[in-house]
Amino acid sequence: MSLDHPSALDAEALYSELLARVGALLKAGPASTRLVGVTSGGAWLAERLQRDLNLEGDAGVISYGLHRDDFARRGLAVSTQTLLPFDVQGAHVLLIDDVLYTGRTLRAVVNELFDYGRPASVRLAVLVDRGGRELPIQADVAATAVTLPQGQSLELVRDDQERLQFVIEPKKA
């Protein structure tokens, strides 16, 4: 799907699709899979999936800031710290993110995750896969795939009622 306008991408409808796909993935096993959302949009999604799928406990939150390969240029752009309410060692982890693009953020997330232990498995579910990969990272589940010009950024935002929507902006330097 080529995307010219953010209203063409209904984040709430895509969340419903992600909910169904993640539910099916979890049902297929392993039973002890833990959800971990990538700061910030992925964390919102993981929290909501945890609740909507009636999963026990809390979803984890993982930051990518300290492991980005452009850390020297970007600094700590995200203030949320990693919070994993379970032992990562030997755990089955399903990472949740809002938009998968180059793969660099997910590479940083995996590095952060391994700082906490060695999981038995790591899978990835995303709301939107926008292609443009620079690293060999692939989602196990994506609610949709879209194409955007390189100079644009797709950002998930959440209002006070926790309703999701997408905003397309010029890519930040």
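Shown above is the structure to which this text applies.
Residues numbered from 1 in each chain as written. Predicted model: local features only at pLDDT ≥ 70, side-chain atom pairs only at ≥ 80, totals over all residues. Heavy atoms only, no water.

**Some words on the packing of helix H1 (residues 11–27) against helix H2 (residues 41–52)**
In helix packing, the relevant descriptors are the interaxial angle and the interaxial distance, both defined with respect to the helix axes. Orientation of H1 relative to H2, taken along the N-to-C sense of each, is 60°, at an axis distance of 11 Å. Accordingly, the angle class assigned to the pair H1 and H2 is oblique. H1 and H2 meet at a crossing whose hand is right-handed. Along its contact with H1, which presents Glu12, Tyr15, Leu18, Leu19 and Val22, the element H2 presents Leu45, Arg48, Leu49 and Asp52. (Axes fitted to C-alpha atoms, helices over the stretch in contact; angles between N-to-C directions. Helix = DSSP H or I, 4+ residues; strand = E, 2+ residues; numbered from the N terminus. Parallel < 35°, antiparallel > 145°, perpendicular 65-115°, else oblique. Left-handed = near helix turned anticlockwise from the far one by under 90°. Contact = heavy atoms within 4.5 Å.)

**Focus on the pattern of salt bridges**
The full count for this structure, using the stated rule, is eight salt bridges. Its salt-bridge partner being Asp52, residue Arg51 comes within 4.0 Å of it at the nearest N-O pair. Between Arg51 and Glu162 there is a salt bridge, with its nearest N and O atoms 3.7 Å apart. Residue Arg51 is found in helix H2, and its partner Glu162 is found in the loop between strand S6 (152–158) and strand S7 (164–170); the two are separated by 111 residues along the sequence. On the accessibility criterion, Arg51 (44% relative accessible area) is partly exposed. Here the salt bridges do not stand alone but share partners, grouping Glu12, Arg48, Arg51, Asp52 and Glu162 into one network. (Salt bridge = Lys/Arg side-chain N within 4 Å of Asp/Glu carboxyl O. Buried < 20%, exposed > 50% of the residue type's maximum accessible area, 1.4 Å probe, protein only.)

Taken by themselves, the reported measurements are silent on function.
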